[in-house]
Amino acid sequence: MPKIFGAIVILFLGMTSSSEPRAQENPPQEITVFAAASLHDVFARLGEDFRAKYPQARFTFNFAGSQQLLQQLQQGARADIFASADLRHMDAAVASGLIDSASVQIFLRNRLVVVFSPSSSNALRDLHDLDQPGVKIVLADKAVPAGLYALQMLDRCDQTADFNPSFKTSVLANVVSYEENVRTVLSKVVLGEADAGIVYTSDAASVAAKGIRTATIPASVNVIATYPIGPLKESKSGGLAGRFVAFLLTDAAQEVFEHFGFIRRDGGDTIR
Amino acid sequence: MTPLDAITRKAKPPRGAIVRLLYRFLVGLAALPLIAFLLLPIAGLLFHAQMAALVSAVVDPQAARAISLSAQTTLLTVVLTVLLGTPVAYVLARKEFAGKGLLDALIELPIVLPPSVAGIALLLTFGRRGILGSLLSAHGVEIPFTESAVVMAQLFVASPLYVKTLAVGFAEVDRQLEQAASIDGASAWQTFRFVTLPLSARAALGGAIMSWARSLGEFGATIIFAGNFPGRTQTMPLAIYIGFEMDLQTALALGAILLVVSFLVLAAVKVLLGKLLVLG
């Protein structure tokens, strides 16, 4: 009986922290990263790059909408690093005492882009066409950073002479679904279920975005997403989490971000 | 044997009884962890859901729309399940044909399939570029992101429960009663309508209620196939999921409502099917 019990305990430990033993001077070190869904591809790559320098690092990534990650952290989920797609959710994490405000850094920017499905009509060319009747649009939910940014961008359109005065209303009337993260917006456009969606340039540049057409959004109305990152106060990763954050700010890492369609943290038009 | 002996013997419970008592205690102890694990989260949800939020959830327009959409779509799903599922159950219970075993297993598949897989499968079939969806789309019918998609997602995951339960109900009806009816001159339809159907009514009702409960909780297939649009495709489970990130209290209140409704449904099924077993 105690043997069985012991086996169950070991099984559970195995499930919570996968430990692959490897002969090394440094003992393996877990780093759990809670990161916005839009960081999916690039963090997988940068995690590998980081491990080339620090082989003891063992990454566990949790990708989801920033709002969902924040909820999980507030409900006591254990993590070493939180990377949000907007300042709002990082501010909330700081306010909840999860992260020291002094340790938060802006590490990345991103901008919105319109994507059209491969099968959509060629009459759909750019942002201006989104208010045409019958265009099926998917947006991220307003709970998701990408969704809120999209609404802000549409607000700006309404204030610009370049767009119809009720542009936002007409566009929202075409929305068929508010998705729970920016990647599912992309999926539904790629599948052709929706004609158009609003995602980040990095999503449009991703492998998953095969065949879609993209249309840039004029800088005058576009919203620049700001990605803050910070180590959790309760992190027990012994400084390795801080080193990973520092690594993300290096030129080498910033170049990888650019390659994946992001804007460098010091680059681009910096609105907010 | 002295009288004193007799008294002490009586006072001391027999050895077997102690062992039995100890055994019962140990079994109870062994059952406790899982029972506690299953019940504590339910208690936690009810504990956190405040009464005030419960009231405001029903008043909150978006939550109210989710409740009403869930009520409408699940009722429609159940009606369709009964209309389309009854013949299937009858065929499975009464007819012999090649590949029946295979069909039986395939119909059960949606019950065990992860709902997300069901959602993707529906999208790839009935979506605008799906196998059937592209044909429909050519005629101006587009299913994804509509209430029809919500009902279809629910029908897909929930109707097999009804079919399976009713098939068992049909199989349990005494064939001699049916034969007696037809000897007395009843047509095949009359036999079915006045003998078979009444005798399996409880199984039908129990199955229908189970299907309804399953469709009420349906989430994965819905969010993938029907998307999330308040008032059109945002059912209660979707509102809870999105609400968990925006407005925890409303999400908790909606969760508590679903919990109570689900419990009542299960209790009803237990009573109905319990009687069925006794009668059968």
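Residues numbered from 1 in each chain as written. Chains lettered and ligands numbered in written order. Predicted model: local features only at pLDDT ≥ 70, side-chain atom pairs only at ≥ 80, totals over all residues.

This part is about the confidence of the model for chain B. Residue and element names in this part refer to chain B. Predicted confidence across chain B gives a mean pLDDT of 86, with 90% of residues reaching 70 or more. For chain B, per-element mean pLDDT is lowest for helix α1 (residues 3–11), which scores 54, and highest for helix α8 (residues 147–172), which scores 95. Reported for the predicted complex are a pTM of 0.76 and an ipTM of 0.71. (pLDDT = per-residue confidence, 0-100. Helix = DSSP H or I, 4+ residues; strand = E, 2+ residues; numbered from the N terminus.)

Further remarks concern the nonpolar core. Note on soluble globular proteins: their nonpolar side chains tend to be buried together. Counting 136 residues, the largest nonpolar core has I81, F82, V115, I137 and V199 of chain A together with A153 of chain B as its most contacted members. Other than its neighbours up to four places away in sequence, A153 of chain B contacts G119, L122, E218, A221, T222, F225 and A226 of chain B. (Core = buried A, V, L, I, M, F, W, Y, C linked by C-beta atoms within 7 Å. Buried ≥ 20, exposed ≤ 12 C-beta atoms within 10 Å, placed from the backbone. Contact = placed C-beta atoms within 7 Å.)

Residues and elements named next belong to chain A. Taken across its five residues, strand β6 (residues 175–179) has five buried, putting it largely inside the fold. By the bridge criterion, four bridges tie strand β5 (residues 137–140) to β6 in an arrangement that is parallel. In the strand pairing of β6, L139 is matched with Y178. (Pairing = 2+ DSSP bridges.)

This part covers the interface of chain A and chain B. The interface of chain A with chain B comprises 16 residues on the first partner and 16 residues on the second. For the side of chain A that touches chain B, the secondary structure elements donating two or more residues are α3 (66–74) and β6 of chain A. For the side of chain A that touches chain B, the element with the most residues is β6 of chain A, which contributes four residues. Looking at the side of chain A that touches chain B residue by residue, the classes come out as five nonpolar, seven polar and four charged. (Nonpolar A, V, L, I, M, F, W, Y, C, P; charged D, E, K, R; others polar.)

A separate point is the domain arrangement of chain A. Residues and elements named next belong to chain A. Each domain of chain A was delimited in the assignment, giving domain 1 (15–109 + 226–259) and domain 2 (110–216). On a C-alpha basis, the centroid separation for the pair domain 1 and domain 2 is 29 Å. Of all the secondary-structure elements, those providing two or more residues to the side of domain 1 that touches domain 2 are α2 (40–53), α3 and β4 (105–116). Its residues assigned to classes, the side of domain 1 that touches domain 2 comprises six nonpolar, five polar and three charged. (Domains from an automatic or database assignment.)

A few words now on the domain arrangement of chain B. All names here are of chain B. We note that the domain assignment places domain 1 (1–48) and domain 2 (53–279) within chain B. Look at where the C-alpha atoms of domain 1 and domain 2 centre, and you get two points 42 Å apart. Each partner contributes to the interface: domain 1 provides four residues, whereas domain 2 provides four residues. Looking at the side of domain 1 that touches domain 2 residue by residue, the class counts come to three nonpolar, one polar and no charged.

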